[in-house]
Amino acid sequence: MGTDEVDAALLGLVARGDSAALTRLYEAHSGRLFGYLLRLAGDRGVAEEILQDTMLAVWRSAGSYAGGARVTTWLFGVARRQAHNRLRNVAPPVPAEAVDRPDGTPGPDELAIAAAGGTPVAEAIGRLPDHQRDVIGLVFVAGLPLVDAAEVLGVPVGTVKSRLHHARARLAQLLSRQGVPE
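Residues numbered from 1 in each chain as written. Predicted model: local features only at pLDDT ≥ 70, side-chain atom pairs only at ≥ 80, totals over all residues. Heavy atoms only, no water.

Chemist: Talk me through the nonpolar core; I want residue IDs and the actual numbers.
Modeler: Judged by nonpolar contacts, the single largest core of 50 residues is most densely connected at Leu11, Leu37, Phe76 and Leu138. It is helix H2 (residues 19-41) that contributes the most residues to this core, 10 residues altogether. (Core = buried A, V, L, I, M, F, W, Y, C linked by side-chain atoms within 4.5 Å. Buried < 20%, exposed > 50% of the residue type's maximum accessible area, 1.4 Å probe, protein only. Helix = DSSP H or I, 4+ residues; strand = E, 2+ residues; numbered from the N terminus.)

Chemist: So what's going on with the packing of aromatic side chains? Which residues, and what values?
Modeler: Following the criterion strictly, the structure yields two aromatic pairs and no others. Ring geometry for Tyr36 against Phe76: centres 5.7 Å apart, planes inclined by 65 degrees, an arrangement best described as edge-to-face. Taken together, the residues Tyr36 in helix H2 and Phe76 in helix H4 (residues 71-87) connect sequence positions 40 residues apart. One exposure class covers both Tyr36 and Phe76, and it is buried. Relative to Trp74, the ring of Tyr65 lies with its centre 5.7 Å away and its plane at 65 degrees, an arrangement referred to as edge-to-face. The class for Tyr65 is buried, based on a relative accessible area of 18%. (Phe/Tyr/Trp six-rings, centres within 6.5 Å; stacked < 30°, edge-to-face > 60°.)

Chemist: Describe the packing of H4 against helix H8 (residues 146-153), with residues and values.
Modeler: It is at 9 Å that the axes of H4 and H8 come closest, and there the two elements cross at 45 degrees. Taken together, the axes of H4 and H8 lie oblique to each other. Read as a crossing pair, H4 and H8 show a hand that is right-handed. Contact residues: H4 offers Thr73, Phe76, Gly77 and Arg80, while H8 offers Asp148, Glu151, Val152 and Leu153. (Axes fitted to C-alpha atoms, helices over the stretch in contact; angles between N-to-C directions. Parallel < 35°, antiparallel > 145°, perpendicular 65-115°, else oblique. Left-handed = near helix turned anticlockwise from the far one by under 90°. Contact = heavy atoms within 4.5 Å.)

Laid out in structure tokens, this is it:
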């Protein structure tokens, strides 16, 4: 049984009230979800609270999972909705800390930030429009494939590609103004 099938079986158990299955889903996905939420919130405490809200929402709505999407994609959709509900009318974050990764290895965004000296890249990401930060968070922080990111965002894959392209171009522009080499 593959990871997707295991996740779907766990979510089915959660829908029937199995808290141990929820714990297993949390253990399997919390690292990537937290990294994504930290990028959106810009604050470790807020990201942790949103992650807890996410898992509570998963507990309450597991029965609504229809199986049309991968469980991972569905979880990121729940996390994104919880984050947007919580962060509505809050100024965009300026991430100041590295994102925790489940395996401890740095991801593409951490490597880029480290290569650029840290703060300028984090500040530039914080200045992107929400829709571009969402794509950066889902693709580079959470490591979702473009197809899954599109499903989480409810947009076509081409839109995700376009937003990613524009985010990269805007980041390059912002960083060049700050004198950060490419």
